Amino acid sequence: MVTEAAYPLPPVKKQLIVFDFDWSLADQDSDRWVHEALCPRLRRKMKSLKSSVQFTDLCAQLLVELHEVEGKSREEIEEAMRAMPFHPAMKRGVKNLKQHSSPATTLFLLSNSNTIYIDTILRHQGLAPGVFDEVVTNPASWSTEGCLQLSRRVPADAAKQHGCTVGCSPNMCKGEELEAFLARHGGFEAFDRIMYVGDGGNDYCPLLRMREGKDVAFVRRFRGLEKRIKEEGGVKCGIRWWAGAWEVETLMDESRGVLTDGEKA
Ligand SMILES: [Mg+2]
Ligand SMILES: [Zn+2]
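Here the residue numbers are simple positions, counted from 1 along each chain's written sequence. Following the order in which they are written, the chains are lettered starting with A and the ligands numbered starting with 1. Confidence filtering applies because this is a predicted model: local features only for residues at pLDDT of at least 70, side-chain atom pairs given and counted only at 80 or more, and all residues used for totals across whole chains, interfaces and linings.

- The name recorded for the protein chain in an unreviewed UniProt entry is HAD-like protein, from Jaminaea rosea.
- UniProt positions are given in the numbering used here, feature names are shortened, and annotations may be inferred rather than shown by experiment. Regarding the protein chain, the UniProt comment filed under Cofactor (unreviewed entry) reads as follows: "Mg(2+)".

Written out as structure tokens, the structure reads:
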């Protein structure tokens with residue numbers, strides 16, 4: 001039912017790598033981390049309300065409370081973001097992929113976090129500006145008073161909601177966003193290989209759209225995505241498993257033809 005991608009990955013001329021952010025590119029979850037770092041009470045509140053309030057709306061509401069009730073400033077939130085765990089091997093692997101022109105690699109960040117967290121963290125980690133060709137996530141901005149204002153990628157009052165049938169949250173369907181990205185960049189045919197680095201249940205939908213015998217999903221073990229792949233099936237692209245970011249670095253190296261001596265071959 002699950003097909004492991006052949007080793008080594010075949011040489012290609014043009015590839016796309018798509019990254020989820022929380023627990024994939026970054027070694028933490030930004031929405032939760034901000035409260036864990038600044039206000040455990042709100043972290044507990046998030047946990048208790050998660051099953052009853054749409055998650056982006058809940059995050060937005062808790063950020064208002066973090067500012068208005070707890071008095072946390074823009075500077076404190078930015079400092080918390082800069083302190084969030086980010087694995088050096090992931091940084092190194094991404095930078096190497098970006099620097100080497102063979103194969104030509106397009107980098108796309110597709111996340112349920114938000115523009116402010118991602119921009120703050122990527123800049124701090126030396127991965128912005130200029131590393132990712134596109135970032136698609138929920139929009140956020142600072143109020144003049146320093147409150148972080150977050151909204152859904154697909155607003156609740158938008159006439160056109162996404163049509164996902166496999167369970168993406170109302171704020172965004174990552175499968176539709178992947179297809180829209182491809183439509184903006186020449187279609188599936190423009191890339192010899194698409195790779196997707198993900199860990200969560202919401203990364204399952206885009207994986208269903210990926211191609212058999214060409215594309216590869218780099219799936220983090222022991223998390224929601226592995227569970228959905230195994231329980232719900234239907235993923236046709238090849239799969240490679242990883243647990244630590246150092247293993248994704250190896251996979252990224254392999255995608256540009258750099259193999260680790262003596263292993264697995
Ligand atoms: Mg994730
Ligand atoms: Zn979806």
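From this point, the narrative continues.
### Description of the pairing of strand β7 (residues 216–220)
1) Next: We call a residue exposed when 12 or fewer other C-beta atoms sit within 10 Å of its C-beta, buried when the count reaches 20 or more, and partly exposed for counts in between; the C-beta positions come from the backbone. Numbering of helices and strands runs from the N terminus, with a helix taken as a DSSP run of H or I at least four residues long and a strand as a DSSP run of E at least two residues long. Along β7, five of the five residues are buried, which leaves the element largely enclosed by surrounding structure.
2) Next: Neither face of β7 is left uncovered, since the one carrying V216, F218 and R220 and the one carrying A217 and V219 both have all their residues buried.
3) Next: Only strands joined by at least two bridges in the DSSP assignment are considered to pair. Where strand β6 (residues 193–198) and β7 come together, four bridges link them in parallel fashion. In the sheet register, Y196 faces β7, and the bridge partner there is A217.
4) Next: Sheet topology note: the β7/strand β8 (residues 238–242) ladder contains five bridges and is parallel. Each residue of the ladder has a partner; that of V216, found in β8, is G238.
5) Next: The crossover handedness rule: strands pointing away from the viewer, path from first strand over the helix to second strand clockwise, crossover right-handed. On the question of chirality, the crossover connecting β7 to the parallel β8 by way of helix α10 (residues 224–232) is right-handed.

### Details of the UniProt feature "active site" (unreviewed entry) in the protein chain
1) Next: If you check UniProt for "active site" (unreviewed entry), the listed places come out as D20 and D22 in our numbering.
2) Next: By the convention adopted here, residues make contact when the C-beta atoms placed from their backbones lie within 7 Å. Dropping the residues within four chain positions of it, D20 is found in contact with L25, L110, S111, V197, G198, D199, G200 and D203.
3) Next: As for its position among the elements, D22 is in helix α1 (residues 21–25).
4) Next: With 23 C-beta atoms packed within 10 Å, D22 lands in the buried category.
5) Next: Residues in contact with D22, not counting those within four places in the same chain, are D29, S30, S111 and S113.

### So, the packing of helix α5 (residues 74–82) against helix α7 (residues 115–124)
1) Next: The contact between α5 and α7 brings their axes to 9 Å, and the two run at 55°. Of the possible angle classes, the one that applies to α5 and α7 is oblique. In this structure, α5 meets α7 at a crossing whose hand is right-handed. Counting all contacts with α5, which are made through E78, M81 and R82, the residues of α7 involved are Y117, T120, I121 and H124.
2) Next: All residues other than Ala, Val, Leu, Ile, Met, Phe, Trp, Tyr, Cys, Pro, Asp, Glu, Lys and Arg, Gly among them, are scored as polar; the first ten of these are nonpolar and the last four charged. For the contact of α5 with α7, the class distribution of residues is three nonpolar, two polar and two charged. A fitted line through C-alpha atoms serves as each axis, taken over the contacting stretch for helices, and the angle formed by two N-to-C directions is quoted from 0 to 180°. Roughly parallel covers angles under 35 degrees, roughly antiparallel covers those over 145, roughly perpendicular covers 65 to 115, and oblique covers all other angles. In this scheme, a crossing is called left-handed if the near helix is turned counterclockwise away from the far one by less than a right angle; it is called right-handed if the turn is clockwise.

### Observations concerning the packing of helix α2 (residues 30–38) against α5
Packed helices, taken two at a time, are described by their axes: the angle between them and the distance between them.
1) Next: The geometry of α2 relative to α5 is characterised by a closest axis approach of 9 Å and an angle of 115° between their N-to-C directions. Relative to α5, the element α2 is oriented roughly perpendicular. Both α2 and α5 take part in a crossing whose hand is right-handed. Facing W33, V34, A37 and L38 of α2, the residues of α5 in contact are E76, I77 and A80.
2) Next: Looking at the contact of α2 with α5, its residues break down into six nonpolar, no polar and one charged.

### Things to note about the pairing of strand β1 (residues 14–19)
1) Next: Across the six residues that make up β1, a large majority, five, are buried.
2) Next: Across six bridges, the pairing between β1 and strand β2 (residues 104–114) is parallel. By the bridge assignment for β2, K14 is matched with A104.
3) Next: By the bridge criterion, five bridges tie β1 to β6 in an arrangement that is parallel. If you follow L16 over to β6, its bridge partner there is I194.

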